[in-house]
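Notes for the structure review
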Amino acid sequence: MAYHSALCDILVDEAQLEQFALVAKDSAFRHGLLMRTKEDPNSPEVLSYAPFTLFPSPIPKSIYEQAKLLQRDFNLLVDKITQDSKFLEQALASIIKVDHFIARLFEIYRKTLQKGISSPITIGLIRSDYMFLCGEEGVTSLKQIEFNTISVGGGGLASQVPAVHRSIIMFLVEDSQMNIYDQRLIENELWSRNIPVIRRRFEDISKRGHLDEEKRLFIDGQEVGLVYYRYGYLPQQYIEKDWEALLMMEQSRAVKCPNIGAHLAGIKKVQQELARPGVLEHFFPGDPEAVSRIRSVFAGLYSLDLGNEGDQALDMAFADPDQFVLKPQREGGGNNIYGDDICHVLSKVEQSLERTAFILMEKIRPQPVRNCILRRGTLLKIQPCINELGMFGVYVRHGTEMTLNEFAGHLLRTKNSEHNDGGLMAGVAALDSPYLV
Ligand code: ADP
Ligand code: MG
């Protein structure tokens, strides 16, 4: 299906654009589409709107429905991975040798397994991200960028975008705590259901947290029923003591979202291992439909482990770096390597173990759509943009019984097509909402 930017094309003159942007920014404040500033990330006194697009982006309905349908498959897949220590150990074996951070996470995983997992309940909140590949004859297909299992953000703010876009749309007819508001929206929802929420840092847990004899987790005199991680996905977020706090929480009876196994399942190396022949079949024995549904959205993913296979991937990357993205095992945007930098980085690590710290991925080239990104301090401009659709999934497993497995909404992020990388927090992507066509 070909894309149209009908809404953008209505706007021709700059004065009109200014007017729309002003109304939209006010609407963003009214609907809580907020973010703290980079300069004062911990001050509720200085606020701005979270970057967002002036218009919703047209997304083919069939593509949206396909991604929605897939979400339950991905929830199941993540949960199956968390329970397959043999697979995780094998998939991460090469990374563990070179990546100290992942090695330490894996150590926590191993220690929790040794003692037996204390909580019978597992909760997963994951987000699978896609771009759309425009093939021959304008046929659009869905390609997965990655799936996220820890500190999955955006759900709070994304829920407010349609309200802002709607008021915009109506107008058209006539004429480090920076992201706290994303979390506050979720907290408010929990409080409104009489579920008390507390916010604590690793440091608080290591200083004042403890387990009782029954492995119940206590902090400041309160028992914790569920630990929801919005932190701890990057090495620089840990000091030595924090590792003890993590181990304590993981070994406690509190439900973890995600537990350490699910955190490991979201690592890019695992995504690449899943693309190997036979691996999806291992996780979905007797369900070839699920296997082909999932496989249909995989882009090319290549291991750079030492050996023939890795050498071949290396040759491919050197021969045509623009066709690929080189990814280290990090989250949060801005870590990937593109174009000639790929050759640069790979030539340094070519024949050493260090190259196994990366995976190579086929570069997806979506068809740009026109939109206007509103961000504090930037000029208004209608420009070619690229959409990335994130689908949320949630599951609950009690012992061996899957008691909930659902699609749980979307996050559409849009960035200028000139940018290769970068998320909302990195100041590149903006919040958007899909306008199904
Ligand atoms: P992170 O964990 O940092 O979010 P991602 O794998 O999502 O890592 O990559 C960050 C960004 O880089 C994505 O949001 C997307 O814009 C871009 N990107 C990643 N992989 C690809 C790809 N294969 N093709 C095109 N762009 C990509
Ligand atoms: Mg991402």
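Parameters at a glance
- Residues numbered from 1 in each chain as written.
- Chains lettered and ligands numbered in written order.
- Predicted model: local features only at pLDDT ≥ 70, side-chain atom pairs only at ≥ 80, totals over all residues.
- Heavy atoms only, no water.
- Helix = DSSP H or I, 4+ residues; strand = E, 2+ residues; numbered from the N terminus.
- Rg over C-alpha atoms; globule rule 2.2 N^0.38 Å.
- Buried < 20%, exposed > 50% of the residue type's maximum accessible area, 1.4 Å probe, protein only.
- Areas by Shrake-Rupley, 256 points an atom, 1.4 Å probe, with all protein chains shown as cover.
- Axes fitted to C-alpha atoms, helices over the stretch in contact; angles between N-to-C directions.
- Parallel < 35°, antiparallel > 145°, perpendicular 65-115°, else oblique.
- Contact = heavy atoms within 4.5 Å.
- Nonpolar A, V, L, I, M, F, W, Y, C, P; charged D, E, K, R; others polar.
- Near = heavy atom within 4 Å.
- Polar contact = N/O pair within 3.5 Å; in protein donor to acceptor, adjacent residues only side chain to side chain.
- Phe/Tyr/Trp six-rings, centres within 6.5 Å; stacked < 30°, edge-to-face > 60°.
- 1 Å grid on protein atoms, 1.4 Å probe; cavity = no way out; pocket = protein on both sides within 12 Å on 5 of 7 lines; lining within 4 Å.
- Points joined across faces, edges and corners; volume = space filled by probe spheres on them.
- Left-handed = near helix turned anticlockwise from the far one by under 90°.
- Core = buried A, V, L, I, M, F, W, Y, C linked by side-chain atoms within 4.5 Å.
- pLDDT = per-residue confidence, 0-100.
- Arc of directions from axis to C-beta.
- Pairing = 2+ DSSP bridges.

1. What about the overall build of the protein chain?
In terms of regular secondary structure, the protein chain is built from 16 helices and 20 strands. Over its C-alpha trace the protein chain gives a radius of gyration of 22 Å, about what one expects of a compact globule, namely 22 Å for 437 residues. Each of the 437 residues in the protein chain was classed as buried or not, and the buried ones make up 52%. Looking at the protein chain as shown, the accessible area adds up to about 20400 Å², and 52% of this sits on carbon and sulfur atoms.

2. As for the packing of helix 3 (residues 61-82) against helix 14 (residues 288-295)
Packing of helix 3 against helix 14 brings their axes to within 10 Å, and their N-to-C directions diverge by 105 degrees. One element, helix 3, and the other, helix 14, form an angle in the roughly perpendicular class. Only Ala290, Arg293 and Ile294 of helix 14 make contact with helix 3, whose side of the interface consists of Leu69, Leu70, Asp73, Phe74 and Leu77. Of the residues in the contact of helix 3 with helix 14, the class split is six nonpolar, no polar and two charged.

3. So, the site of ligand 1
Residues in contact with ligand 1 amount to 20 residues; listed here are only the nearest, Lys268, Lys327, Gly333, Glu388 and Lys415. Within the side chain of Tyr338, one N or O atom sits 3.0 Å away from an oxygen atom of ligand 1. Glu362 is positioned with one of its backbone polar atoms (N or O) 2.8 Å from a nitrogen atom of ligand 1. The fraction of the free accessible surface of ligand 1 (530 Å²) that becomes covered by protein chains is 95%. Mapped onto the shell around ligand 1, the elements with two or more residues apiece are strand 6 (140-148), strand 13 (324-328) and strand 15 (358-362). Tallied by class, the residues present in the shell around ligand 1 amount to six nonpolar, four polar and 10 charged.

4. Considerations on the packing of aromatic side chains
Taken as a whole and assessed by the stated rule, the structure comprises 12 aromatic pairs. For the ring pair Phe202 and Tyr238, a centre distance of 5.0 Å and an interplane angle of 40 degrees mean the geometry is tilted. Of this pair, Phe202 sits in helix 9 (residues 202-208) while Tyr238 sits in the loop between strand 10 (226-228) and helix 10 (240-251), and the two are 36 residues apart along the sequence. There is no split in this pair, since Phe202 and Tyr238 are both buried. Taken together, a centroid distance of 6.1 Å and an interplanar angle of 80 degrees make the contact between Tyr302 and Phe324 edge-to-face. Placement of Tyr302 in strand 12 (residues 301-303) and of Phe324 in strand 13 is noted, with a sequence separation of 22 residues between them.

5. Observations concerning empty space enclosed by the protein
Here the largest cavity defines a volume of roughly 50 Å³. Considering the residues around the largest cavity, the lining is formed by Leu105, Ile150, Tyr229, Gly232, Tyr238, Leu246, Glu250, Pro258, Asn259, Ile260 and His263. Where the lining of the largest cavity is concerned, the elements lending two or more residues are helix 10 and helix 11 (260-265). Classifying every residue of the lining of the largest cavity by side-chain character gives seven nonpolar, three polar and one charged.

6. Quick word on the packing of helix 5 (residues 100-114) against helix 10
Running from N to C, helix 5 and helix 10 point in directions that differ by 35 degrees, and their axes come no closer than 10 Å. Taken as a pair, helix 5 and helix 10 cross one another with a handedness that is right-handed. Counting all contacts with helix 5, which are made through Phe101, Arg104, Leu105, Ile108, Lys111 and Thr112, the residues of helix 10 involved are Glu240, Trp243, Leu246, Leu247, Glu250 and Gln251. Partitioning the contact of helix 5 with helix 10 into residue classes produces six nonpolar, two polar and four charged.

7. Quick look at the nonpolar core
With 61 residues, the main nonpolar core has Phe74, Leu77, Ile81, Leu246, Leu264 and Leu274 as its most contacted residues. Top element by residues in this core is helix 3. It accounts for eight residues. Ile180, Leu374, Leu424 and Leu431 belong to the second-largest nonpolar core, a separate cluster that totals 29 residues.

8. Notes on the confidence of the model for the protein chain
The pLDDT averaged across the protein chain works out to 88; a share of 95% of its residues lies at or above 70. Mean pLDDT values over the elements of the protein chain span from 54, in helix 1 (residues 6-10), up to 98, in helix 13 (residues 279-283). Within the model, pLDDT remains below 50 along residues 1-6, and this stretch shows 15 contacts once partners closer than five positions in the same chain are excluded.

9. Overview of helix 16 (residues 340-349)
Considered for burial, the residues of helix 16 that qualify are Ile342, Leu346 and Val349. Along the axis of helix 16, the buried residues cluster in a sector spanning 65 degrees; they form a single face. Exposed residues pointing more than 90 degrees away from the buried face of helix 16 are listed as Asp340, His344 and Lys348.

10. Focus: the side chain of Asp73
Within the secondary structure, Asp73 sits in helix 3. Beyond its immediate sequence surroundings of up to four residues, Asp73 is in contact with Phe284, Ala290, Arg293 and Ile294.

11. Topic: the pairing of strand 5 (residues 121-134)
Within strand 5, 10 of the 14 residues are buried, leaving the element largely enclosed by the surrounding structure. Pairing analysis gives 10 bridges linking strand 5 to strand 17 (residues 382-398), with the strands arranged antiparallel. Its bridge partner being in strand 17, Ile123 is matched across the sheet by Val396. Relative to strand 6, strand 5 runs antiparallel, the two sharing eight bridges. When the sheet's bridge partners are listed, Leu133 is paired in strand 6 with Ser141. Counting the residues in the hairpin turn of strand 5 and strand 6 gives five residues, including Glu137, whose phi is positive at 55 degrees.

12. Points about the layout of surface pockets
Looking at the second largest pocket, its volume works out to about 270 Å³. In terms of lining, the second largest pocket is formed by 18 residues, of which the most central are Ile117, Ser119, Thr122, Asn259 and Arg397. Only helix 5, strand 5 and helix 11 provide two or more residues apiece to the lining of the second largest pocket. For the lining of the second largest pocket, the per-class residue count stands at seven nonpolar, eight polar and three charged.

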